[in-house]
Structure formats: structure tokens, C-alpha cells
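# A closer look at the structure
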Amino acid sequence: MNLPNIKEARKRTKDKVEVSYDRYQIPDSIKNVGKNKKYTLLTYGCQMNVHDSENIAGIMEEMGYTKEEDMTKSDVIILNTCAIRENAHNKVVGILGRIKKLKEEREDLITIIGGCMPQEEKISNMLKEKYKWVDIVLGTHNIYDLPKLLEEVFNERKQNIEVYSIEGEIIEGLPVKRDSKYKAWVNIQYGCDKFCSYCIVPYTRGKQRSRLPIDILKEVKELKEKGYKEITLLGQNVNAYGKDLDIGYTMANLLEDTSKIGIERIRFVTSHPWDFTDEMIDIIAKYDNIMPYIHLPIQSGSDNILKKMNRRYTIEEYKELYYKIKNKIPGVSITTDIIVGFPNETKEDFEETLKVYNELKYDLAYTFIYSKREGTPASTMEDSISLEEKEKRLQRLNKVVNKYAKEANLKYLNKVVPVLIEGPSDKNNKLMGYTDTMKLVNIEADPSYIGKIVDVLITDVKTWSMEGVINSDRK
Ligand code: SAH
Ligand code: SF4
Ligand code: F3S
């Protein structure tokens with residue numbers, strides 16, 4: 001058993017990050033253990049968490065398991081959790097109640113919890129004390145350990161908690177079962193060193209560490225050869241890519257080299273404003289296959305709050321960057337994240353956020369009420385603002401967000417834009433896909449268009465999506 005420790009998780013040393021190419025192995029005794037057995041995998045977190053789930057699925061399938069959506073029919077249930085806000089926690093506690101009932105009916109059912117939640121001391125302790133029936137608890141640093149932990153459960157049915165609070169390594173060579181045949185996630189960087197005062201990620205994911213360019217470019221080439229149309233480069237601060245490698249290779253270099261491989265669409269998330277260089281903007285503007293879409297979290301419109309958040313920029317600096325991006329990248333769409341109700345956010349601070357929003361008129365924003373995360377600096381800050389007041393502020397902000405989202409979408413009405421058609425839409429009999437600028441479009445079209453980039457005429461727009469029909473085939 002190994003439990004996490006917040007003091008260790010906070011540590012950052014200058015130690016070199018180890019890259020391992022052979023850490024992952026399946027012990028002989030369980031090579032085919034999953035034959036005729038099923039697993040259900042539930043994912044709660046960000047894109048990185050989603051991609052980790054693709055690795056977990058890859059590992060399970062190498063052991064012979066097949067995927068099953070309905071957990072009541074499964075032999076193994078895996079929860080890949082997120083710790084970013086309290087509601088993520090509540091969802092997992094809810095589902096654990098359901099799994100416990102299943103387990104009472106079927107003793108051989110195996111339950112696994114992974115992801116960011118177990119990296120919190122409080123959660124791993126809770127699982128150890130109150131959820132002894134959960135078989136395996138593993139964190140974000142040791143996904144590769146899953147086969148070994150399963151083998152141990154088969155040998156001896158007792159709870160196995162293996163969560164490490166370490167800076168982390170880079171583990172290459174994990175199997176991957178991708179959710180899509182057309183769009184792929186590609187990790188370029190793990191962890192985060194920004195330590196925004198409200199955020200748990202630097203503690204759950206370890207230090208910021210970049211994958212080697214050679215490994216990333218190899219993966220992108222393979223994806224291109226397999227026919228993938230779009231890749232998204234993933235990291236918590238992708239703009240800082242390469243800084244820790246000390247080889248003089250930057251995010252701008254990586255974008256350019258990736259672009260030259262010739263995959264049709266390249267995206268990247270998330271961009272922290274701090275590391276966004278002019279060079280990067282120039283490269284994005286120069287290459288057609290780097291999509292004109294930037295997610296640039298602002299978090300607050302008040303300098304006072306930004307400082308308490310430890311965001312490292314002022315509103316003036318943010319705006320300068322925003323306009324540089326807008327002016328240099330034609331047709332770019334910019335989205336953002338905003339936290340409402342940071343400890344002691346005054347009415348004036350909040351008005352500043354609305355003011356900046358009304359000036360920048362984002363294409364879209366993801367808005368959140370501040371959630372206290374144990375162990376972060378903000379968790380000890382005094383907060384006299386009621387939840388009711390925070391909810392009112394969120395509603396006011398969302399009205400503004402929706403207004404500009406609709407306005408931005410209206411610019412597309414009656415225009416023809418390329419869309420990568422991904423599959424059936426959830427809501428109706430149509431297909432769905434995204435524009436270059438990351439606008440969701442529902443399209444009336446034959447399923448043979450799935451997996452293609454097609455010119456679509458936009459016939460109607462809403463706040464969160466648009467409707468369209470096929471205009472001509474670009475294949
Ligand atoms: N690395 C990205 C953000 C990752 S987390 C960046 O820095 O831009 C995604 C979003 O969750 C954040 O942008 C922030 O708006 C929100 N978030 C993070 N911690 C939060 C907390 N404690 N309470 C509420 N929202 C939070
Ligand atoms: Fe969290 Fe800030 Fe790191 Fe983003 S940059 S993951 S908000 S600490
Ligand atoms: Fe959640 Fe961990 Fe991602 S906390 S947002 S799954 S990095």
C-alpha cells in the first residue's frame with residue numbers, strides 16, 4: 001500500500017525527468033485473464049483524463065477484456081476521476097453507492113478507482129477507511145501498473161492502494177484504444193508548475209514535464225498514416241512546452257514540425273497566457289492546418305483577484321495578447337474559462353469581469369463557481385461571500401456569455417465552412433462535427449460523410465451550436 005501526501009506533491013526539484021520506454025508490462029499469469037470478460041470505464045475529467053482513459057482501455061484490451069457500456073453486465077468497473085471541483089467528487093461518491101450494491105450481488109466484481117481524486121490525501125484515506133470493498137486505487141503517475149495490481153487482486157482479494165505523490169516521470173509505450181478513428185489526443189506535456197492558488201492540478205499531476213519531440217512527432221506520423229484527420233496536442237500549459245527540456249526547442253517549433261507532417265487539422269489545449277509567444281502566433285497564422293482556435297483562460301477580469309489567484313498577468317497584459325492573436329490570425333475564435341466567487345471577490349471585482357467580457361466578446365466561455373480544494377493556498381483564504389450571491393453572479397455572467405456566443409455564431413449564418421464530420425448527433429437524426437474554429441454543427445447528411453472534412457452551408461445558428469447542410473465535397 002502507498003498513500004499520497006500533499007507535502008510531497010507540492011515539492012519541485014530540478015531533478016531530471018526520466019523517460020521510460022519499457023516500464024509497462026503484462027505479467028505472464030494474467031496475459032489472457034480478460035478473455036470472455038468485460039470492463040466498464042467511466043471518465044469524469046478533462047481532455048488529459050479522457051486520454052488517460054484511452055490508455056486504460058488499451059491496457060484492459062491487451063489483457064483480453066472487451067468494453068461494455070452497461071456496468072451491471074461488467075466484470076471490472078473502472079472510474080477515472082477528476083478533482084478539479086467539489087461536484088466531481090460528489091458524482092463519484094454517488095456512483096460508488098451503486099457499485100457497492102452490484103458488488104453485494106456479485107462478489108467477483110472488481111472495482112478500480114484511478115485519476116486525480118485518489119491523488120488527494122483525503123480521498124485515498126476515505127477509500128481506505130470507508131470503501132474497503134474498492135479493490136484497486138491507483139493515481140495519475142502509475143497507470144502502467146494496472147496489470148500488476150490486477151494480478152495481485154487475483155492472487156489475494158484485499159484492497160490495494162498504490163498512489164504516489166511524486167514529481168513524475170514520462171512513461172512511453174502504453175497501449176491506446178482511441179475513442180475516434182478521425183480525431184486523436186496527443187500528450188505533449190504532463191503536470192503543471194503554475195500553482196494558481198485555487199487549483200489542485202499541480203498536486204494531482206506532478207511537475208511540468210515535456211515529452212521528447214521525437215516521440216511526439218513519431219506518434220503524429222503514425223496517426224497520419226492511420227488516416228487520422230485531426231490531432232489535439234494536450235497539456236495544462238502547452239505554450240510552456242519544451243522549457244523543461246533545455247534543448248532550445250519550443251512550442252512554436254513543435255507546432256511547425258507537426259504541421260509539416262501534413263495532418264489536416266492540428267489543435268492544442270490549454271494555453272496559459274503567460275507563455276504565449278509572438279513566434280507561436282506567427283506559426284499558427286502561417287500554417288493552414290493549425291486551426292484558428294485558441295482557448296485562453298482569463299479566470300477573472302479584476303487585477304486584484306488575478307493577483308490573489310497567482311495568475312501572473314494583469315488585465316492589460318492579457319488584453320494585449322488577446323488583440324495580438326485576433327489581429328494576426330484571420331478569423332480566429334477565442335474561448336475562455338472564468339471562475340466566479342473566488343474568496344472575497346467583491347461586487348466591483350465581479351463588475352470588472354463583466355466589463356472585460358463585454359469588451360473582448362469571446363466566442364464562448366466555460367464558467368465555474370469557485371470550489372475550495374484542500375491543500376491549495378486559496379483554501380485558507382477568508383471568504384465572506386455567500387454561495388447564493390456567487391450563484392447570482394454566475395447567472396449574470398452566463399447571460400453575457402450566451403449573448404456573445406450567439407453573436408459570434410451569427411457571423412456564420414449562410415456561409416460555407418469546412419467541418420470534420422465525426423458521427424451521429426446525440427439530439428436528432430443528423431450528423432455532427434466541428435468547424436476549424438471549434439463551432440459545433442449539426443448537419444443533415446448521409447452517414448457516408450462520417451470521417452470526412454466537408455464544406456457545409458450554415459442554415460441556422462443557436463447559442464451553443466449551428467445547423468447546416470452539405471455544400472460540396474472536399475474529401
Ligand atoms: N491549465 C488550464 C486549466 C485547467 S483546469 C489553465 O490554466 O488555463 C480548467 C478550468 O477549471 C480552469 O481554467 C478554471 O477556470 C477551472 N478551475 C480550476 N480550479 C478550480 C476551482 N478550484 N474552482 C473552480 N474552478 C476551477
Ligand atoms: Fe491549474 Fe493554473 Fe496549472 Fe491551469 S495553470 S492547471 S489553472 S495551476
Ligand atoms: Fe480534473 Fe485532473 Fe484534469 S483534476 S481537470 S482530471 S488534471
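Remember, predicted model here, so these are calculated numbers, not experimental data.

A few words on the domain arrangement of the protein. For the protein, the domain assignment lists domain 1 (6–162), domain 2 (173–410) and domain 3 (416–473). Here the C-alpha centroids of domain 1 and domain 2 sit 27 Å apart. Facing the 38 residues of domain 1 at the interface are 35 residues of domain 2. Counting the surface domain 1 buries against domain 2, the share from its top three residues, Arg12, Met48 and Glu54, is 21%. For the interface between domain 1 and domain 2, the tally reads seven salt bridges. Of the charged contacts in the structure, one is a salt bridge between Lys67 and Asp179, with a shortest N-O distance of 4.0 Å. At the junction of domain 1 with domain 2, the criterion picks out 17 residue pairs in polar contact (both at pLDDT 80 or more). Broken down by secondary-structure element, the contributors of at least two residues to the side of domain 1 that touches domain 2 are helix H1 (6–10) and helix H2 (47–62). If one sorts the elements of the side of domain 1 that touches domain 2 by residue count, H2 sits on top with 13 residues.

Turning our attention to the sheet that holds strand E15 (residues 333–340). In space, the three strands of this open sheet follow the order E14-E15-E16, with parallel pairing throughout. Edge strands, defined here as strands with exactly one partner in the open sheet, are strand E14 (293–295) and strand E16 (364–369). Sheet twist, expressed as the mean angle between neighbouring strand axes with direction ignored, is 10 degrees. In this structure, E15 lies alongside E16, joined through six bridges in parallel fashion. Within E16, the position partnered with Asp337 by the bridge is Tyr366. Sheet strands in contact with helix H12 (residues 347–360) are E15 and E16, and its direction is about 170 degrees off that of E15.

For the structure on display, the rule yields 40 salt bridges. The salt bridge partner of Arg178 is Glu219, with a shortest N-O separation of 2.7 Å. Here Arg178, found in the loop between strand E8 (170–171) and strand E9 (183–187), pairs with Glu219, found in helix H7 (residues 213–225); they are 41 residues apart in sequence, far enough to count as distant. The pair formed by Arg178 and Glu219 is uniform in burial state, with each residue classed as buried. Taking the shortest distance from any N to any O, the salt bridge between Lys390 and Asp383 comes out at 2.6 Å. The partly exposed category is assigned to Asp383, whose relative accessible area is 31%.

For the pair H7 and helix H8 (residues 251–261), the least separation of the axes is 10 Å and the interaxial angle reads 25 degrees. Comparing the axis directions of H7 and H8 gives the class roughly parallel. When the axes of H7 and H8 are compared, the crossing they make is right-handed. Within the contact between the two elements, H7 uses Ile216, Leu217, Val220, Lys221 and Lys224 and H8 uses Leu254, Asp257, Thr258 and Ile261.

So, on to the environment of Val163. Among the secondary structure elements, Val163 is positioned in the loop between strand E7 (160–162) and E8. With 21 residues separating them in the primary sequence, Val163 and Asn142 have C-alpha atoms 7.6 Å apart. Those residues within four positions of Val163 in sequence are excluded, and the remaining contacts are Asn2, Leu3, Pro4, Pro118, Gln119, Ser124, Val137, Leu138 and Gly139.

When its volume is computed, the second largest pocket comes out at roughly 770 Å³. What lines the second largest pocket is a set of 34 residues, and nearest its centre among them are Asn55, Ile171, Glu172, Leu174 and Tyr190. Broken down by secondary-structure element, the contributors of at least two residues to the lining of the second largest pocket are H2, E8, strand E10 (189–190) and H7. The greatest single-element share of the lining of the second largest pocket, amounting to five residues, is contributed by H7. Within the lining of the second largest pocket, the residues separate by chemical class into twelve nonpolar, ten polar and twelve charged. A domain-level breakdown of the lining of the second largest pocket finds at least three residues from each of domain 1 (6–162) and domain 2 (173–410).

Rules and cut-offs
- Throughout this document, residue positions are counted from 1 along each chain, in the order its sequence is written.
- Written order decides the labels, with chains lettered from A and ligands numbered from 1.
- In keeping with the model being predicted, local features are shown solely for residues with a pLDDT of at least 70 and side-chain atom pairs are shown and tallied solely at 80 or more, while totals for entire chains, interfaces and linings include all residues.
- Water and hydrogen atoms play no part in the side-chain values, which are based on all heavy atoms of the structure.
- For the purposes of this description, domain bounds are those given by an automatic or database domain assignment.
- We call two residues in contact when some of their heavy atoms are within 4.5 Å.
- What gets called buried area is simply the loss in accessible area from a 1.4 Å probe that two parts show on being joined, summed for both.
- The term salt bridge refers to a side-chain nitrogen of Lys or Arg lying within 4 Å of a carboxyl oxygen of Asp or Glu.
- Whenever a nitrogen or oxygen atom comes within 3.5 Å of another N or O atom, the pair is scored as a polar contact, on the condition that within protein one atom can donate a hydrogen and the other can accept it, and that pairs from neighbouring residues in sequence are kept only if both atoms are in side chains.
- A run of H or I in DSSP counts as a helix once it spans at least four residues, and a run of E counts as a strand once it spans at least two, with each numbered from the N terminus.
- Here a strand pair is declared whenever DSSP counts at least two bridges between the two strands.
- Angles run from 0 to 180 degrees between N-to-C directions of axes, and those axes are lines fitted to C-alpha atoms, restricted for helices to the stretch in contact.
- Accessible area is worked out with a 1.4 Å probe on protein chains only. A residue is then buried under 20% of its type maximum, exposed over 50%, and partly exposed in between.
- Every angle not falling under 35 degrees, over 145, or within 65 to 115 is termed oblique; those three ranges are roughly parallel, roughly antiparallel and roughly perpendicular.
- In a left-handed crossing the near helix is turned counterclockwise from the far helix by less than a right angle, and in a right-handed crossing that turn is clockwise.
- Here a cavity denotes a set of grid points, spaced 1 Å apart and computed over the protein atoms alone, in which a 1.4 Å probe fits but from which it cannot get out, and a pocket denotes an open set meeting protein on both sides within 12 Å along at least five of seven lines; residues with an atom within 4 Å of a point are reported as lining.
- Grid points are joined across faces, edges and corners, and a volume is the space filled by probe spheres set on the points.
- Polarity classes work like this: nonpolar for Ala, Val, Leu, Ile, Met, Phe, Trp, Tyr, Cys and Pro, charged for Asp, Glu, Lys and Arg, and polar for all others, with Gly in that last group.

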